[in-house]
Amino acid sequence: MKDCIFCKIILKEIPSHKIYEDENVYAFLDINPVHIGHTLVVPKVHAEDIFDISSESWAHVMNVVHTLSPIVHAATNADGVNIIMNNKRSAGQLIDHAHVHIVPRFADDGLKGLPQHSENSEALTTMQEKIKNTL
Ligand code: AMP
Ligand code: ZN
């Protein structure tokens, strides 16, 4: 898609530190990593986010995430990895071309996850029904 930075990276119109490419998927190092080795995995067919991507394209992306995660983990000597996808601005998405982050994590990196809270059973049941009824 015109004016999409990740489409331009895929088309090699702008440079990237590519680590993997096949017919359907492109993977490269994040230019502003949480830790070096932080990798972005993107579908070659432009889609905005999880709500827009086809199930076929998503399956290709997830297969590559599955292949690359242990490789990034080993290459960075990380203790673990986070697999993250941000969808929409409210969830932290900055680039409107669907992408999955593979983020190397270290036991002593001091980073915290999203804050959570305990929820009562009644509210959980109400939400369970709402989600199930939308399936
Ligand atoms: P998100 O907030 O999930 O949309 O993440 C977008 C990511 O793309 C950020 O982590 C950026 O650091 C990264 N990014 C933006 N431009 C580039 C680029 N030209 N090359 C590599 N990574 C990029
Ligand atoms: Zn794009």
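In this text the structure is predicted, and so the values were computed from the model without any measurement. (Residues numbered from 1 in each chain as written. Chains lettered and ligands numbered in written order. Predicted model: local features only at pLDDT ≥ 70, side-chain atom pairs only at ≥ 80, totals over all residues. Heavy atoms only, no water.)

Caption draft 1: Representation of the site of ligand 1 in the model. Residues in contact with ligand 1 amount to 16 residues; listed here are only the nearest, D30, G92, L94, H99 and H101. In the model, an oxygen atom of ligand 1 is placed 2.9 Å from a nitrogen or oxygen of the N86 side chain. Contact with the protein chains covers 86% of the free accessible surface of ligand 1, which is 500 Å². Of all the elements in the fold, those that place two or more residues in the shell around ligand 1 are α1 (5-10) and β2 (25-29). Examining the composition of the shell around ligand 1, we find that three residues originate from one element, α1, more than from any other. Grouping the constituent residues of the shell around ligand 1 by class yields nine nonpolar, six polar and one charged. (Near = heavy atom within 4 Å. Polar contact = N/O pair within 3.5 Å; in protein donor to acceptor, adjacent residues only side chain to side chain. Areas by Shrake-Rupley, 256 points an atom, 1.4 Å probe, with all protein chains shown as cover. Helix = DSSP H or I, 4+ residues; strand = E, 2+ residues; numbered from the N terminus. Nonpolar A, V, L, I, M, F, W, Y, C, P; charged D, E, K, R; others polar.)

Caption draft 2: Layout of the packing of aromatic side chains. Scanning the model with the defined rule gives two aromatic pairs in all. Taking the centre distance of 5.3 Å and the plane angle of 80 degrees together, the rings of F6 and F28 count as edge-to-face. With a gap of 22 residues between them, F6 in helix α1 and F28 in strand β2 connect regions that are remote in the sequence. Seen in terms of ring centroids, Y26 and F28 are 5.8 Å apart; in terms of plane orientation they differ by 55 degrees. Their pairing is tilted. Since its relative accessible area comes to 3%, F28 is described here as buried. An aromatic cluster of at least three residues, connected via ring pairs, comprises F6, Y26 and F28. (Phe/Tyr/Trp six-rings, centres within 6.5 Å; stacked < 30°, edge-to-face > 60°. Buried < 20%, exposed > 50% of the residue type's maximum accessible area, 1.4 Å probe, protein only.)

Caption draft 3: Local environment of the pattern of salt bridges. The final tally for this structure, using the stated rule, is seven salt bridges. Residue K12 pairs with E21 through a salt bridge whose shortest N-O separation is 2.9 Å. For E21, a relative accessible area of 28% puts it in the partly exposed group. Two residues, K18 and E21, come together in a salt bridge whose shortest N-O distance is 2.7 Å. Look at the salt bridges and you will find they share partners, linking K12, K18, E21 and K44 into a network. (Salt bridge = Lys/Arg side-chain N within 4 Å of Asp/Glu carboxyl O.)

Caption draft 4: The coordination of the zinc ion (ligand 2), seen in detail. Protein coordination of the zinc ion (ligand 2) is provided by C4 (SG), C7 (SG), H46 (ND1) and H97 (ND1), with donor distances spanning 2.1 to 2.3 Å. Geometry at the zinc ion (ligand 2) is tetrahedral, judged from its four donor atoms and the angles of 102 to 117 degrees they form at the metal. Along the chain, the residues that donate to the zinc ion (ligand 2) are spaced as C-x2-C-x38-H-x50-H. Residue C7 is found in helix α1, and its partner H46 is found in the loop between β3 (39-43) and α2 (55-75); the two are separated by 39 residues along the sequence. Overall, the relative accessible area of 5% leaves C7 in the buried class. (Donors = N, O, S within 2.8 Å, 3.2 Å for Na, K, Ca; no water. Tetrahedral: all angles 85-135°; square planar, octahedral: opposite > 155°, others 65-115°.)

Caption draft 5: Local environment of the sheet that holds strand β4 (residues 80-84). Pairing is antiparallel in the open sheet, where five strands are placed in the order β1-β2-β3-β5-β4. Every interior strand has two partners, whereas the edge strands, β1 (18-21) and β4, have only one. Ignoring strand direction, the axes of neighbouring strands in this sheet form an average angle of 15 degrees. When β1 meets β2, the two strands line up antiparallel, connected through three bridges. Paired with E21 across the two strands is Y26, which belongs to β2. Strands β1, β2, β3, β4 and β5 (100-105) of the sheet are contacted by α2, whose axis makes an angle of about 15 degrees with β5. (Pairing = 2+ DSSP bridges. Axes fitted to C-alpha atoms, helices over the stretch in contact; angles between N-to-C directions. Contact = heavy atoms within 4.5 Å.)

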